[in-house]
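# An overview of the molecular structure
One-letter residues, chain by chain:
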Amino acid sequence: MSPTKNYDRVAKTFDYFRKGDMRRWGRSQKEHFSQMHGRVLHIGVGTGMEIINFPPDLDITGIDLSAKMIERALWRGKRYPGKFRFCLMNAEFLAFPDDTFDTVVTVCVFCTVPHPVAGLKECRRVLKPGGKLLMFEHVLSKNPIYGLSLKFMSIFTAALEGTHLDRNTVENVREAGFKFIAEKNVYLDIVKTIAGTK
Ligand SMILES: C[S@@+](CC[C@H](N)C(=O)[O-])C[C@H]1O[C@@H](n2cnc3c(N)ncnc32)[C@H](O)[C@@H]1O
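Quick notes on the rules
Per chain, the residues get numbers from 1 upward, laid out in the order the sequence is written. Two thresholds apply to this predicted model, a pLDDT of at least 70 for residue-level local features and 80 or more for giving and counting side-chain atom pairs, whereas whole-chain, interface and lining totals are computed over all residues. Secondary structure follows DSSP: runs of H or I at least 4 residues long count as helices, runs of E at least 2 residues long count as strands, and numbering of each begins at the N terminus. Atoms counted for the radius of gyration: C-alpha only. Globule rule: 2.2 Å times residue count to the power 0.38. What counts as a contact here is a pair of residues whose C-beta atoms, placed from the backbone, lie within 7 Å. Burial is judged by counting the other C-beta atoms within 10 Å of a residue's own C-beta: 20 or more makes it buried, 12 or fewer makes it exposed, and any count in between marks it as partly exposed, with every C-beta position built from the backbone. Strands are treated as partners if at least two bridges between them are detected by DSSP. Look down the strands so they point away from you; if the path from the first strand over the helix to the second goes clockwise, the crossover is right-handed. Here, a nonpolar core denotes buried Ala, Val, Leu, Ile, Met, Phe, Trp, Tyr and Cys residues that are linked to one another through C-beta atoms within 7 Å. For helices, the axis comes from a line fit to the C-alpha atoms of the stretch in contact; other axes are also lines fit to C-alpha atoms, and the angle between any two N-to-C directions lies between 0 and 180 degrees. An expected span of 1.5 Å times one less than the residue number is assigned to each helix. Here the bend at each residue means the angle between axes fitted to two seven-residue stretches, the one ending at that residue and the one beginning there.

With that out of the way, let us pick up the overall build of the protein. Looking only at helices and strands, the protein features five helices and seven strands. Counted from the first residue to the last, the protein has its helices and strands arranged as α-β-β-α-β-β-α-β-α-α-β-β. Computed over the C-alpha atoms, the radius of gyration of the protein is 16 Å, within 12% of the 16 Å expected from 2.2 N^0.38 for a compact globule of 198 residues. By principal-axis analysis of the C-alpha atoms, the protein measures approximately 45 × 40 × 30 Å. Taking contacts inside the protein between residues at least 6 apart in sequence as the whole, the part at least 24 apart equals 68%.

Here it is in structure tokens:
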């Protein structure tokens, strides 16, 4: 199923199933996103649950493929103590000129973007030289048992909802051309913060 159709379908109930994760990960996200600065592009804003973990006074553009997810994020954007605007846009074809943003942020998005390296190359293109990519993502575990389980579950999650639990996102970030890549485990080696520089 395409990400647009799937997330349009689940938008109404998304927050209900997501709030436990957000409670657990709030502190790690706040710490990681304290590095955000200047003009920010937020990829896959969804219903905007992570906006509360962003530092104040930034100029943020949140994009998503799903209009129904964006509709549900609007009130969170309004509450943000800075500038927050939304755009319906595909991460694989960003409609921004090269070297536009100081920071690009993602939360649990690059498991769903169909061509992750293409999306990450777009993130790099729109970042200014020296700009930062800050990701909070779940990835494939290197542990053989967890890794095999994630690969198996991914057969179903990919077919049913377009979510890939078996992505090597750190490698994808490298392949997209980012430098000084730093990763930190948040839960086992499955949920991670990842940072890279253009
Ligand atoms: C798992 S949700 C995460 C939403 C939010 N970041 C969160 O953590 O609660 C993934 C989001 O990425 C969006 N998405 C998937 N592929 C995309 C793409 N190619 N371009 C833009 N957004 C995309 C989906 O529409 C969805 O809102």
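Still more ground to cover, so stick around.
With five of six residues buried, strand β2 (residues 59-64) lies mostly within the body of the structure. The pairing of strand β1 (residues 39-43) with β2 spans five bridges and is classified as parallel. By the bridge assignment for β2, Arg39 is matched with Asp59. At this point the chain moves from β2, through helix α2 (residues 67-79), to the parallel strand β3 (residues 83-88), and the crossover so formed is right-handed.

Let us look at the pairing of strand β6 (residues 179-187). The element β6 is largely exposed, with a buried count of zero among its nine residues. Taken together, the six bridges between β6 and strand β7 (residues 191-197) define a ladder with antiparallel strand orientation. Bridge pairing links Glu183 to Ile194 in β7. Hairpin connection between β6 and β7: a loop of three residues separates the two successive antiparallel strands, and Leu188 in this loop has a positive phi of roughly 45 degrees.

This part takes up the nonpolar core. By size, the foremost hydrophobic cluster in this structure holds 42 residues, and its most contacted members are Ile43, Val104, Cys123 and Leu133. The contacts of Cys123, once residues within four sequence positions are left out, are Ile43, Val104 and Leu133.

What follows is about the environment of Cys108. By secondary structure assignment, the location of Cys108 is in the loop between β4 (101-107) and α3 (116-126). In the structure, Cys108 is positioned 84 residues away from Lys192 in sequence and 9.9 Å away in space, judged by C-alpha atoms. The contacts of Cys108, once residues within four sequence positions are left out, are Phe136, Glu137 and His138.

A word on unusual backbone geometry. Here Asp99, not a glycine, exhibits a phi torsion of approximately 55 degrees, which is positive. Mapped onto the elements of the fold, Asp99 is located in the loop between β3 and β4. Of the residues examined, Asp99 has 12 C-beta atoms within 10 Å and is grouped as exposed. Even without glycine at this site, Phe180 takes up a positive phi of about 50 degrees. Residue placement: Phe180 occurs in strand β6.

The seven strands are arranged β3-β2-β1-β4-β5-β7-β6 in an open sheet whose pairing can be described as mixed. Two strands close off the open sheet at either side, each with one partner strand: β3 and β6. Taken over all neighbouring pairs, the strand axes of this sheet differ in orientation by 15 degrees on average, direction set aside. Pairing between β2 and β3: six bridges, direction parallel.

An ideal rise of 1.5 Å per residue puts 18 Å on 13 residues; α2 measures up with 19 Å between its terminal C-alpha atoms. When the local axis directions of α2 are compared, the greatest deviation, roughly 40 degrees, occurs at Ala73. Among the residues making up α2, those that are buried are Met69, Ile70 and Ala73.

What follows covers helix α4 (residues 144-161). End to end, α4 covers 25 Å across 18 residues, agreeing with the expected 26 Å (1.5 Å per residue, within 8%). In the structure, α4 departs most strongly from a straight axis at Ser154, where the bend amounts to approximately 30 degrees. Two residues or fewer past α4, Gly162 is found with a positive phi of approximately 75 degrees.

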